[in-house]
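Topology and contacts: notes
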Amino acid sequence: MKTSLAHALEGEEHRILRETVRRFVEEKVRPVAAEMDEEDRFPRELFGEMASLGLTGLMVPEAYGGFGEDLLATVIAFEEIGRASPALALSLLAHTILGALPIVRYGTAEQKEKYLPRLTSGEWIGGTAYTEPNAGSDAAAIQTRAEKVEGGFRLYGSKVFITNGSEARLLVVYAKTDPEAGHRGITAFLVEVPAEGFSVSKNFEKMGMRGSPTSALYFDGVFVPEENVLGTMNRGFYQVMHGFNVERLTIVAISVGILREVLEWMLEHASVRKQYGRPIGAFQLIQEKIARTFVDLELARTYLYLAAREYRPDEDWRLPAATIKIFAAEQATRRALDGIQVLGGYGYTREYPLERLLRDAKLMEIGAGTTEMMIRVIARTLLRSWGLSDEDLEGS
Ligand SMILES: Cc1cc2nc3c(=O)[nH]c(=O)nc-3n(C[C@H](O)[C@H](O)[C@H](O)COP(=O)(O)OP(=O)(O)OC[C@H]3O[C@@H](n4cnc5c(N)ncnc54)[C@H](O)[C@@H]3O)c2cc1C
């Protein structure tokens, strides 16, 4: 019997990777996932272990110690980790997809030689600092500025909600280099921290994704040498927008992991819990929740794998990435709620991971572009294709 069409898109090497990651997750991640959440503890020790499996080098060429640029392998790995600990998956995403991948795409040979092996080996933790107190969805509105000085730049400004902010040794930081030019005046910098003039807030207390540290960062004249400009001057905004495609597909993989985990808990409980002398799985209202969770999982996963397999960096992937992100993020939250309902009182306790998965799932509707922003991307793209101009759509 065919149980999942998504698997038809995988190759043998993907199956091997999935098994390897699954074993690692069962042995090392699942046992600490609840404690990471309870104590909001970042599991630094797991980065060395993930490095030995190649996971800290996903999307990085092998020449730099990476796993290679296989996006389908990447989403499979994130799905497996996301089942047990979406928080660990989020920190790994910030490390690989936000920290290392921009260097793969835009770095000079020297930058790649210097930084990628340190990230892929897990010696250094990476991340990206874009969002600011006054610039979230409106990404062009950042105010952090880079002033030209002899031999490089000095950064002034602050960032907020930065994943791995308090743990990172290397950050991709975006700043205005031509403030008059709006989004055409933003540049990316590779910033080694700690550094003079750099400070970090205490980690935010979050409802979910606990154990993945999120902090505010302050730059008070931090010096960045000229050779640490990443990519082309004043093209940073475009670099970020391009990077969103892979980031969004990877975040979908975490939602898919949550959907899978929720479905398994539903099935397990519905088959052993008895009421009225029968397993609760015999009741149609419970069956509906199971069947709908399976449908969402199958649709999200098959679309994701297809997108990951077909993705080409030189093509415009905004529409598919936004489409699947809305669907997977919203359905993961909704089905985690259903999972709690199927488990009844047990689902509401911390003895079971459903309530944690619900809290973690919600982030995917906010991070890497909110659901409202995904709607905007989709609607504007479609309306443009029907002839509406930028002027017509201004302010939307
Ligand atoms: C746990 C976590 C980790 C994160 N990690 C990182 C990171 O590593 N690096 C980084 O740079 N950032 C990170 N972020 C920031 C994240 O990308 C932003 O939170 C997100 O882009 C939304 O920005 P905002 O929070 O400022 O919300 P706002 O942009 O202020 O949005 C508030 C609400 O208004 C809505 N809205 C805004 N504009 C419009 C519009 N035009 N039309 C309709 N609705 C609109 C939004 O959808 C949302 O519902 C993280 C955030 C969280 C919570």
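Residues numbered from 1 in each chain as written. Predicted model: local features only at pLDDT ≥ 70, side-chain atom pairs only at ≥ 80, totals over all residues.

Turning next to helix α4 (residues 86-106). Because the α-helix completes a turn every 3.6 residues, residues three or four places apart line up on one side. Taking 1.5 Å per residue, 21 residues should reach 30 Å; α4 reaches 28 Å between its end C-alpha atoms and fits that length. At Ala 100, α4 is deflected by roughly 35°, the largest bend along its length, and proline Pro 102 occurs up to four residues later in sequence. Of all the 21 residues making up α4, 19 are buried; the element is thus mostly covered by neighbouring parts of the structure. (Helix = DSSP H or I, 4+ residues; strand = E, 2+ residues; numbered from the N terminus. Expected span 1.5 Å × (residues − 1). Bend = angle between axes of the 7 residues up to and from the residue. Buried ≥ 20, exposed ≤ 12 C-beta atoms within 10 Å, placed from the backbone.)

Turning to the pairing of strand β3 (residues 152-163), a few remarks are in order. Both faces of the sheet carry side chains from a regular strand, because those side chains alternate between them. For strand β2 (residues 145-149) and β3, the ladder comprises five bridges, and the chain directions are antiparallel. Residue pairing across strands places Val 149 opposite Gly 152, the latter belonging to β3. Counting the residues that bridge the hairpin from β2 to β3 gives two residues, and of these Gly 151 lies at a positive phi of roughly 80°. With 10 bridges connecting them, β3 and strand β7 (residues 214-225) associate as antiparallel partners. What sits directly across from Phe 153, in β7, is Val 224. (Pairing = 2+ DSSP bridges.)

In the contact formed by α4 and helix α5 (residues 109-120), the axes pass within 9 Å of each other and the chain directions differ by 160°. Our classification of the angle between α4 and α5 gives roughly antiparallel. For the crossing formed where α4 meets α5, the hand is left-handed. Contacts from His 95, Gly 99, Ala 100 and Ile 103 in α4 reach Gln 111, Lys 112, Tyr 115, Leu 116, Leu 119 and Thr 120 in α5. In the contact of α4 with α5, the residues fall into five nonpolar, four polar and one charged. (Axes fitted to C-alpha atoms, helices over the stretch in contact; angles between N-to-C directions. Parallel < 35°, antiparallel > 145°, perpendicular 65-115°, else oblique. Left-handed = near helix turned anticlockwise from the far one by under 90°. Contact = placed C-beta atoms within 7 Å. Nonpolar A, V, L, I, M, F, W, Y, C, P; charged D, E, K, R; others polar.)

It is common to give the size of an interface as the accessible area that goes away when the parts come together. Domains assigned within the protein are domain 1 (5-125), domain 2 (127-234) and domain 3 (237-393). Just the C-alpha atoms count here: the centres of domain 2 and domain 3 sit 29 Å apart. Between domain 2 and domain 3, the residue contacts involve 12 residues of the former and nine residues of the latter. (Domains from an automatic or database assignment.)

Of all residues adjacent to the ligand, which total 23 residues, the nearest are Tyr 130, Gly 136, Ser 137, Thr 370 and Glu 372. Counting only elements with at least two residues in the shell around the ligand, the list comes to α4, β1 (126-129), β3 and α10 (371-385). A domain-level breakdown of the shell around the ligand finds at least three residues from each of domain 2 (127-234) and domain 3 (237-393). (Near = placed C-beta within 6 Å.)

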